[in-house]
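So the chains spell out like this:
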Amino acid sequence: MSHAAPQPVDLVIEARWVVPVEPHAVVLENHAVAVQDGRIVALLPIADARAAYVPRERVELGEHALIPGLVNSHTHNPMTLLRGLADDLPLMVWLQQHIWPAEAKVMGAEFVRDGVELAVAEMLRGGTTCANENYFFPDVIGATYRKLGFRAVVGLPVIEFPTAWAKSQDEYFERAGAVHDSFRGDLLVTTAFVPHAPYTVSDESFERIRLLSDQLDIPVHLHTHETAHEVEEEKAKSGLRPFQRLQKLGLVNDRLIAVHMTQLTDGEIAACAAAGVSVVHCPESNLKLASGFCPAEKLRVAGVNVALGTDGCASNNDLDMFGEMRTAALLAKAVAGDAAAFDAAFALRAATLNGAKAIGLEAKIGSIEVGKQADFAAVRLGELETQPLFHVISQLVYATGRHQVSDVWIAGRRKLAGRELVGMDTAAILERTRAWRERIASA
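Note that the coordinates shown come from a computational prediction; the quantities given were computed from them, not determined experimentally.

Draft legend 1. Seen up close, the overall build of the protein. Secondary structure summary: the protein contains 16 helices and 16 strands in total. The C-alpha radius of gyration of the protein comes to 21 Å, within 12% of the 22 Å expected for a compact globule of 443 residues. Projected onto the principal axes, the alpha-carbon positions of the protein cover approximately 75 × 45 × 45 Å. When the 443 residues of the protein are sorted by exposure, 58% land in the buried category. For the protein, long-range pairs separated by at least 24 residues make up 72% of all intrachain contacts whose partners lie at least 6 apart in sequence. In the protein, which carries 42 positive and 55 negative side-chain charges, the distance between the mean positions of the two groups comes to 2 Å.

See below:
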């Protein structure tokens, strides 16, 4: 009986546990993942992997869970430089009296670049490998993600007032098209339209976005139904709830990424399910701004794709997706009055595969499956804070801190090794961040 010779591969990661996310709620003990050219080529028991593959690099993770890289499905990462600037305020006061004036004084290419770099460093140290970005200067944002080897969907902003990025409606759309074209075919960076919200975007702009979204086959990512005030304001203005207005304009479809959604009727939940809308739940930002409670469990039961996001550091104040999973699960139980609601396995799925689906990348990332991109996070579970360990997924969601992320890979390239960032100058990032703090404080 003949045996095939072991095949050379770039990388084999051996882990005490592999949590692939798909199949759902499965934990594989003593398994290995083989990677070639940035893609997963095998998931199999460690003994079988050693017989089948000769890796250029072997990583042994004897007390770790290997999970898909986390997907932060709603971020404003340049705003990481505004962390803690204006806390303990309601949304519109926070936004109109503090954040928008501060941005007007400092927004530009350098601010955006340095904010994204700080955010990438923080995300990698927390196991996040992909961000759905929503901010101005998307050309700079995308170039920074590309330089750092981080996966991202870069938003093409549209809003009805002039900013440092664009001065008119036509300019927003012209620049959006140019940025989209510049990242066409990029391995890590894709695009989406990011009209800010129904209360800051006109029907005419939404109609143009719908047409272009269809033509370019890219998502539409926007804040909607974030607060009760937003809903009442739109009803007074147009006689419609914001979601109804989006329906009327043809935007409620499987490309829509609806963020926050704290104010929903049962009919709107059913409409989201029927149309294939993805809802991004940002529980910590919503709690901090007292914006309301997304009915996450109702959405899950209805079959809506529910993903998780941190929102920006100016309102959260961190990019910690482990914290977001825990808060989402606990909050959903309280809102639903059901301790079984939004269970740990679903919380992990919302932070990985559901996020990938929301941004149109579920065929590439979000689970550890053969053929997908090798985006992983290794989480050390042998520490005091996660012992004793009875159920791996529950421990990941309810007890694990982001400081337990030891190693991260994106497309098979190691970005975090033993808690140390690879290819990023931490001291330089801190120096630039402190300089921005002084500039913003004195503006």
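Draft legend 2. Looking closely at the sheet that holds strand β15 (residues 413-417). Ordered by their spatial adjacency, eight strands build an open sheet running β3-β2-β1-β4-β13-β14-β15-β16, and the pairing between neighbours is mixed. Because the sheet does not close on itself, it has two edges, and the strands there are β3 (39-45) and β16 (420-421). Two elements, β15 and β16, share two bridges in a ladder whose sense is antiparallel. Each bridged residue has a counterpart across the sheet, and for alanine 417 the counterpart in β16 is glutamate 420.

Draft legend 3. Seen up close, the nonpolar core. The biggest cluster of nonpolar side chains holds 110 residues, and the ones touching the most others in it are Tyr145 and Phe342. A per-element tally of this core places helix α3 (residues 109-125) first, with nine residues. Those residues in contact with tyrosine 145 that sit more than four places away from it in its chain are Asn77, Val116, Val120, Met123, Ala131, Glu133, Phe150, Ala152, Val154 and Val189. The next biggest cluster of nonpolar side chains, apart from the first, holds 15 residues, and it includes Ile13, Ala15, Ile368 and Phe376.

Draft legend 4. Quick look at a nonpolar patch on the surface. Together, Leu287, Phe293 and Val335 make up a nonpolar patch on the protein surface, roughly 260 Å² of accessible area in all. Tracing the backbone shows leucine 287 in helix α10 (residues 283-288).

Draft legend 5. Representation of the environment of glycine 149 in the model. Note that glycine 149 resides in the loop between α4 (138-148) and β7 (151-158). Residue classification places glycine 149 among the buried residues on the basis of a relative accessible area of 17%. Along the backbone, glycine 149 and glycine 423 are 274 residues apart, and their C-alpha atoms lie at a distance of 9.5 Å. Those residues within four positions of glycine 149 in sequence are excluded, and the remaining contacts are Leu188, Ile410 and Lys415.

Rules behind the numbers
Residues numbered from 1 in each chain as written. Predicted model: local features only at pLDDT ≥ 70, side-chain atom pairs only at ≥ 80, totals over all residues. Heavy atoms only, no water. Helix = DSSP H or I, 4+ residues; strand = E, 2+ residues; numbered from the N terminus. Rg over C-alpha atoms; globule rule 2.2 N^0.38 Å. Buried < 20%, exposed > 50% of the residue type's maximum accessible area, 1.4 Å probe, protein only. Contact = heavy atoms within 4.5 Å. Lys, Arg positive; Asp, Glu negative; His and termini not counted. Charge placed at Lys NZ, Arg CZ, Asp CG, Glu CD. Pairing = 2+ DSSP bridges. Core = buried A, V, L, I, M, F, W, Y, C linked by side-chain atoms within 4.5 Å. Patch = residues over 30% accessible without salt bridge, like charges linked within 9 Å, V, L, I, M, F, W, Y side chains within 5 Å. Areas by Shrake-Rupley, 256 points an atom, 1.4 Å probe, with all protein chains shown as cover. Salt bridge = Lys/Arg side-chain N within 4 Å of Asp/Glu carboxyl O.

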